[in-house]
Structures are given as C-alpha cells and as structure tokens.
Amino acid sequence: MSSESRRIRGAPKRSISCVQSRWRLGNGRLCLLLLHNTGTMVYTMIYTQTGGLTVAIMTTLLVTARKTDNGARKFPLGRRAACDIYWHGVSFHDNENVVSGQVNKFPGMIEMLRKINLSRAVRTMQELFPEEYDFYPRSWILPEECQQFSTQIRMVKENDATVNPTFIVKPDGGSQGDGIYLIRDPSDLKLMVGSQAKQAVVQEYIQRPLLIDKLKFDIRLYVLLKSLEPLEIYIAKEGLTRFCTEPYQEPCQKNLSHVFMHLTNYSLNVHSGNFVHSDSQSTGSKRTLSSVLYRLAAKGVDIKKVWSDIIALVIKTAIAVVPELRVYYQADIPPGKPGPTCFQILGFDILLMKNLKPVLLEVNSNPSMRIEHEQEVAPGVFEYVPSPVDEEVKVGVIRDTLRLMDPGSKKASISQLRAGGLEHGEEIPMEAETQERSPDEGALPSLCLKQVYPKYTKQFNYLRLVERIAAMFIRFLGVKGNMRLGPTAFRTFIRTCKLSNSNFSMASVDILYIDITRRWSGTMPDSREAGMGLQAFVEAFFYLAGRRFKSLALREQVVSLLELCEAQLESPSGVEERRSVSCSRAMPRAIKSQTLGLTNPQLNSPAPLRRAASQDYRLHQRLKPRTLRANVEN
C-alpha cells in the first residue's frame, strides 16, 4: 500500500487517500469498483455498466471514476438512460429522481429499525404471540414509560430483596455502541440531554450469555429483504462473530462501566489494547460464524437447532416490521405511479444465551460493508489493510445480492414462487441445496444467500395478522402518499365494516379516534403529519376486537374481527361505501393475496382467501410446530 493510504492520528481526515474495494461478480466480471475516501461527505453518483447490468452507485464517500481494463464504462457526470440497480449509500431518498429499476434501500427502513419503533413492532407481536416472540428482551420506551419502568422494578425488588436485575439503555438513534450504558436502578437513568428529553429504550440485560474463551460475543448475520410483495427473505449462510476484549463477569456495581466486557460492538472494542486482528477465520476478536458453530459442534452442541432457531428469529422479526414498511412504501411509491422496486441488506445482531437460545439485540438498516481495517504501522501512523474475515463474508453477500437482483438473470416468475414449507408439526428434511446457473455465469460459486421465505411459509404464515390490519389501514388512507388516517376515513372504516351499534355510537367512535390519536401524537413529537398512524390504528383495532368478542383471548379476538371486516369489505355494500369516499383507493386484490402469503390461483376469490388464512391459523392452534431444521452451510 502506498504511503498516501496512511494517515497520522489526529491529522485532518481529508488527508486519507482513496482505498480500493473490489466487488467481483465472478468469472472476471467486475461489477462494482468503489474508491473510498473516508474523509469526505460528498454525494457523488457513478454509473457502472458491465455485462449488461447497469448499477448506479450513490455513496456518502467520494468516488473517483476511472476506466477498467475489462471495458466497464463509468459516467461520473451522470447518464440519461435508466439504470438496472441504484446502490444508495444511506437511504432510499439519496436520489429523488429514480423512477424505474431497483433501489437497494426501502423507504422508511431507517425509521422502522430505530430502537423505539422496532421495540414497538415486536411488542405488538408479543401481545398476539407471546411464546413465538420471546426472543426479544423486555423493553421500556423512554421517556414516556419511565414511571412505569421505575414502578415495576421497585415492586420486583420489594417482593424479593435478593433480585437485583441489570438493564441496558440504548439511545433511539444511536449506532456503533454510542451512548449505551448499564444500570441497576431506575434512578441512574440519564433522561435529559440539555433541556430536552432523551429518546431511548431500556431493556433487560442478558446476564448469562454463551462464552467462548471466557469472552462474550455476538453474531452479525446479513439478511436480504428481496421484496415486500411477495415477501422474500434470504439469509447469508456465513456471518461474523464479534468478541469482547475483556473476560466476562456477571454485572455488578463495580464493572457496569466496563464496556470492553459487556458491549460487543466492534467500533468500541477495536480501540481496546486487547483487540486482535487475525488473518485466521477462527481466532482473533472477529471470526466467522461457521468457525464458532463448528467449535460448538465439537463440544456436542446441536448446531442445526441453533441455526434453525436463528432462522426462525429472523423471519419473525421481518414479519413484525413489514406492516409499517408497507405503509412507508405506498407513501413513496403509490400504486399506479411510476417508481422503482426495492431491496435491502440488513444486519441482524444476535446474542446466544448460555442455554443456546438466540436473542435479538437490534437490526441495522445500514450494516457496514467495509472489508479493511486500520492498522498502526508506526507510532501514531495508521494505514488501511485488508480484513480477510470481513472479505470472506461481505464480498459474497454483495456479489450474490446483485446476482439475485439482476433483471437479466433467470428468475422464477411470481406465479412460480411456491408458498413452500411443510405443514405445522412436520420435520423439514435436510435436503442438499442446488443452485442453477445461467450460461453466462460460468464457474460462479453457488449462492451464499439462502431463501427462507416463502420457503417456510407454512411454518410462519399464521403470524402475519398485523399485515392484514395494515392492508386494511392502507385501504382507507384515501389520498395517495398519505401515511395517516383522518377522522373521516376512520369513520368510513367503522361504517363500512359495520362496527358501530347502539352500544357503540359514531360519537363514541370519534372519542376513540381523538383519544388514541392524541396519545400517540404525544409519543412522536417530531411527527409533522396529523392523524392516526398504523401503530395507533392497530391499538384501535385491538380495542374494537375486545369490545366485539369479549369472551375470547386477544389473538382470537383479532382473528375474528379481521374475518368480519374482510367479509364486509368484499360485500356489495362495502364496495359501494368505499367508492363514496373522496380520493379513496381500493387495494388491488393481488396485493391482498400476497399479503396472506398465498399464491394458489384457485384462491383468488375473497372467501377462499379468508378461509385459507383462518384454517392456517387454526391448524397452528392444534399442532405445535417442531423445531425448524436447516443446513449449516459455508
């Protein structure tokens, strides 16, 4: 590496020269050539056309264009023709002029995966499916639930003086471990930043994690959300494990501030004097997931079950956040309006407990794809050097994401996507996976991304109740691009579904709307749009279900009300009622079919759709699913 690649600690970052990162599709086809200058924050657009696939790269890093020896063309000043794929650096809105092709970011993903919104989404699913969503630690949202948190912890300690739990506080918009701290008493909460309340999530701290070499570690797993309609999820077969750099001890008042012991964030531990950069995939402070799993297997651990539980966690988490993503999606790309399709690589951070149960820590909307790290070559002088572990994992993820999204590649049509999986309670066979290759792919390796949905639809489709509520919410939004339900639209929903009666008048409906909307508006002070958002609508829906079906448990209440509303919406009077609303829009029937995860052409009529969804749910009630089985591959 040239001396230009080095920088002196404390020197201006603009002195860093470009560091080249190559992402090869294989067989000599250079797909992306990014030249990173980490010292600048300039939005630059570069278009690369190689082998018929055109990629537009939007990045917050300065990108220098140059010709490549394989004939790839680059257009640093832009080009008029549309691209196949737009690779944005941060968010969907990096480039506002995309009207076709595919974008590597979903609108709303950054907002949805903030700590508070993710906690709310999972909490909703925990209300409906407490056993299935026990992989997420108990959480409180600050500052609105501060009093509730303090009261509950005080009561726990009063009932048992020997109990002294530890909690971890995470800033809502924090990243890379910034602002995270541990507490043992609610009085230690840092609620204010200057004169403003600090938005954060406080969670139960996992005190007994699985240790390797006496060190705590977590798993970074890369997940491709390929599409929302139909829902397609891929999981990378290889991941990273990030280790702490100080031997773990259960938290006590003396060691709560020891971040190198308790926090697994790479961005924190890399500054520890004990951090080890290793060229080996099985040693050092960052290792491959497969090396850790094989080490556990040597000790007799059933790693197939561990991997199976991780797959289930990923699918369930995606199901929890998809409803809100659909609302964001229709706001930015309304039905019938020209626009791109979206996909996104997500970073799931997962902790294994001592009993090998996986726990979700967080989901990153913009996981790092760097394949190099800083190394001190002289006192105070650093240079960037390749990281073999990162390259082993991340290059394959990028390469195969582009292969999957390449519009010229051979892909199964929507009608060929089988709502796969076995019936609840059946064992998933350990089949060997094969990967078809198109003639022009030559000797490319098989995909490192494994499809898990819709492959395992039958195991998880019963969880998608909130998506059906979201579809109803979108149906009554009215104006295209809107994300909130106004009072008139809410009244129309009540009237169309025939949910008012002598005991629940339209005046009561208005009071319900005002109360819930006002309360949710107070929890989201930065919101500029008035009205009822999806989360508030879900709360109202749960309330209406409880009123209508008082003798049932919440889950059965919601299912019953969904069936009632869907039947009313498909009746002639319901269709006519919707047409009378100004600027209303009916959701295409095909979208509803995809929302339910059903692709059988015989199920296109509304009644069979409702029956199929209900039968799927009732079958789950009778049969307890066995553990999902999946191969551990590399």
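As the structure is a computational prediction, the values presented were derived from the model and not from experiment.

**So, the nonpolar core**
Inference 1: Ranked by size, the top nonpolar core spans 108 residues in total, and within it Phe348, Phe490, Phe493 and Phe541 carry the most contacts.
Inference 2: Contacts of Phe541, omitting those with residues within four sequence positions, involve Ile469, Met472, Phe493, Val558, Leu561, Leu562 and Cys565.
Inference 3: Formed by 20 residues, the second largest nonpolar core is a distinct cluster that contains Ile85, Trp87, Tyr234 and Phe343.

**Description of the sheet that holds strand E10 (residues 167-171)**
Picture the strands of a sheet paired through backbone hydrogen bonds; they go either parallel or antiparallel.
Inference 1: Here four strands make up an open sheet; going across it, the order is E9-E14-E10-E11 and the pairing antiparallel. The outermost strands of the open sheet, each flanked by one partner alone, are strand E9 (139-142) and strand E11 (181-183). Recorded for the sheet is a direction-independent mean angle of 25° between the axes of neighbouring strands.
Inference 2: The sheet contact formed by E10 and E11 spans three bridges and is antiparallel. By the bridge assignment for E11, Val169 is matched with Tyr181.

**As for the packing of aromatic side chains**
Inference 1: The full count for this structure, using the stated rule, is 16 aromatic pairs.
Inference 2: Ring geometry for Phe473 against Phe537: centres 5.3 Å apart, planes inclined by 50°, an arrangement best described as tilted. Of the two residues, Phe473 sits in helix H10 (residues 465-475) while Phe537 sits in helix H13 (residues 534-548), which places them 64 residues apart along the sequence. Like Phe473, the residue Phe537 is buried in the burial classification.

**Quick word on the pattern of salt bridges**
Inference 1: According to the stated counting rule, one finds 27 salt bridges in the structure shown.
Inference 2: Between Arg123 and Glu145 there is a salt bridge, and its shortest N-O distance comes to 2.7 Å. With Arg123 in helix H2 (residues 115-128) and Glu145 in the loop between E9 and helix H3 (146-159), this residue pair connects regions lying 22 residues apart in the sequence.
Inference 3: Judged by relative accessible area, which is 25%, Arg123 ranks as partly exposed.
Inference 4: Residue classification places Glu145 among the buried positions, given a relative accessible area of 11%.
Inference 5: Sharing partners across several salt bridges, the network here consists of Asp218, Arg220, Arg242 and Asp349.

**With respect to the pairing of strand E18 (residues 240-243)**
Inference 1: Residues Leu240 and Arg242 line one face of E18 and the alternating positions Thr241 and Phe243 line the opposite face, and both faces are buried.
Inference 2: Judged from the four bridges that link them, strand E16 (residues 215-227) and E18 form a sheet pairing that is antiparallel. In the sheet register, Phe217 faces E18, and the bridge partner there is Phe243.
Inference 3: Pairing geometry for E18 and strand E19 (residues 286-288), over three bridges, is antiparallel. Looking at E19, one finds that Arg242 is bridged to Lys286.

**As for the confidence of the model for the chain**
Inference 1: Residue-level pLDDT values for the chain average 77, and 70% of them are 70 or greater.
Inference 2: Across residues 410-418 the pLDDT falls below 50, and counting only partners more than four positions away or on other chains, this stretch makes 13 contacts in the model.
Inference 3: Counted against residues more than four places away or in other chains, residues 422-441, with its pLDDT under 50, gives 47 contacts.

**Digging into the pairing of strand E17 (residues 232-236)**
Inference 1: Among the five residues in E17, five count as buried, and that is most of the element.
Inference 2: Burial along E17 is two-sided: the face carrying Glu232, Tyr234 and Ala236 and the face carrying Ile233 and Ile235 are both buried.
Inference 3: Where E16 lies against E17, four bridges are found, and the strand directions are antiparallel. Of the residues in E17, the one forming a bridge with Ser227 is Glu232.
Inference 4: Taking the residues that link successive antiparallel strands as the turn, the E16-E17 hairpin has four residues.

**A short note on the side chain of Thr264**
Inference 1: Relative to the helices and strands, Thr264 is located in the loop between helix H4 (259-262) and helix H5 (266-269).
Inference 2: We classify Thr264 as buried; its relative accessible area is 7%.
Inference 3: Reaching out from Thr264, the side chain makes a polar contact with the side chain of Asp218 at a distance of 2.9 Å.
Inference 4: Contact partners of Thr264, with chain neighbours within four places excluded, come to Lys216, Phe217, Asp218, Arg242, Cys244 and Asn269.

**Comments concerning helix H11 (residues 487-496)**
Inference 1: Ala489, Phe490, Thr492, Phe493, Ile494 and Thr496 are the residues of H11 that are buried.
Inference 2: Where H11 ends, the next residue or the one after it, Lys498, has phi of about 55°, a positive value.

**Quick word on unusual backbone geometry**
Inference 1: Of the consecutive residues Leu142 and Pro143, the connecting peptide bond is found in the cis state with omega at 5°.
Inference 2: Take Pro143: it is sitting in the loop between E9 and H3.
Inference 3: In this model, Glu229 is joined to Pro230 through a cis peptide bond whose omega is -5°.
Inference 4: Tracing the chain through its elements places Pro230 in the loop between E16 and E17.

What counts as what
Residues numbered from 1 in each chain as written. Predicted model: local features only at pLDDT ≥ 70, side-chain atom pairs only at ≥ 80, totals over all residues. Heavy atoms only, no water. Core = buried A, V, L, I, M, F, W, Y, C linked by side-chain atoms within 4.5 Å. Buried < 20%, exposed > 50% of the residue type's maximum accessible area, 1.4 Å probe, protein only. Contact = heavy atoms within 4.5 Å. Pairing = 2+ DSSP bridges. Helix = DSSP H or I, 4+ residues; strand = E, 2+ residues; numbered from the N terminus. Axes fitted to C-alpha atoms, helices over the stretch in contact; angles between N-to-C directions. Phe/Tyr/Trp six-rings, centres within 6.5 Å; stacked < 30°, edge-to-face > 60°. Salt bridge = Lys/Arg side-chain N within 4 Å of Asp/Glu carboxyl O. pLDDT = per-residue confidence, 0-100. Polar contact = N/O pair within 3.5 Å; in protein donor to acceptor, adjacent residues only side chain to side chain.

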